[in-house]
Amino acid sequence: AAWLRMGGGCSVCLLPANQDFAGVICRRRRAGGKLGGCGRGVCWGCMASASRDKLGDVRTTRSEFKALEEDGQAWWMHEGCMEKGDINVYFGSAKAYLAAKKAFQEAESKKVVDEQVQWAQAQAAQEAEAERQQVMGMPVEQLRQYLLVRGIPHMDLSSRDALLERVLTHLDRRPPPESTIGPQWLHAGQHCMHCKKVMNK
């Protein structure tokens, strides 16, 4: 089996393997003894995380490769190095190959969306904390203006502590923003983090 051995290099991250069985090499002995594949190695980390542009859609894992080795069928090749015959042997049929390719593409698309959602949530949490810190330093008139713009009753309050408490209660009860992917507008009532101006439309 074409394991990536200690000292062998990964063609994706360009790092040398620090142990045996650290990945696989793109190689297959075809019928008639002809060798196929480019002979470049890929470590398991890159096999799992490298983009489609760098590695294609044909992937394997250490446990899968080891199981194939026990059956005497362990080989792997880059998708771009495969011929039609290699694809049919590896997946069993062209139909199975297309199904596996579709599943990988869907999984990668979901991963991208999940990462974007996590980033948006982290960004929203950071902005919420920045807003909280900003209102903590507001004088009475700014607190009144903050509540007025948002339509929050406050005429019954006179002290800064009471006004601040109502603002903080509003912030605590405010639902988290929806995680939407794509352009996001600054709406009325939100503030610019740079000039601190509250939007009126």
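Residues numbered from 1 in each chain as written. Predicted model: local features only at pLDDT ≥ 70, side-chain atom pairs only at ≥ 80, totals over all residues. Heavy atoms only, no water.

Visitor: What exactly am I supposed to notice about the packing of helix H5 (residues 94-136) against helix H7 (residues 160-173) here?
Guide: In helix packing, the relevant descriptors are the interaxial angle and the interaxial distance, both defined with respect to the helix axes. At a minimum axis separation of 10 Å, H5 and H7 run at an interaxial angle of 170°. Taken together, the axes of H5 and H7 lie roughly antiparallel to each other. Contacts between H5 and H7 involve Glu131, Arg132, Val135 and Met136 from the former and Arg160, Leu164, Val167, Leu168, Leu171 and Asp172 from the latter. Partitioned by chemical class, the residues of the contact of H5 with H7 number six nonpolar, no polar and four charged. (Axes fitted to C-alpha atoms, helices over the stretch in contact; angles between N-to-C directions. Helix = DSSP H or I, 4+ residues; strand = E, 2+ residues; numbered from the N terminus. Parallel < 35°, antiparallel > 145°, perpendicular 65-115°, else oblique. Contact = heavy atoms within 4.5 Å. Nonpolar A, V, L, I, M, F, W, Y, C, P; charged D, E, K, R; others polar.)

Visitor: Quick question: what am I supposed to make of the pattern of salt bridges here?
Guide: Here the idea is simple: oppositely charged side chains can pair when their charged atoms come close. Here the structure, examined in full by the defined rule, presents 11 salt bridges. Between Arg30 and Glu83 there is a salt bridge, and its shortest N-O distance comes to 3.8 Å. Of this pair, Arg30 sits in the loop between strand S3 (28-29) and strand S4 (35-36) while Glu83 sits in the loop between helix H3 (62-70) and helix H4 (84-91), and the two are 53 residues apart along the sequence. One salt bridge connects Asp57 with Arg52, and the closest N-O pair in it is separated by 2.9 Å. (Salt bridge = Lys/Arg side-chain N within 4 Å of Asp/Glu carboxyl O.)

Visitor: Please explain the sheet that holds strand S1 (residues 3-4) as it appears in this structure.
Guide: What holds strands together in a sheet is hydrogen bonding between their backbones, with the strands either parallel or antiparallel. Strand order across the open sheet formed by three strands is S1-S2-S5, with antiparallel pairing between neighbours. If you trace the sheet from one side to the other, it starts and ends with S1 and strand S5 (41-43), each paired once. Where strand S2 (residues 23-25) meets S5, three bridges bridge the pair, whose relative direction is antiparallel. Paired with Gly23 across the two strands is Cys43, which belongs to S5. (Pairing = 2+ DSSP bridges.)

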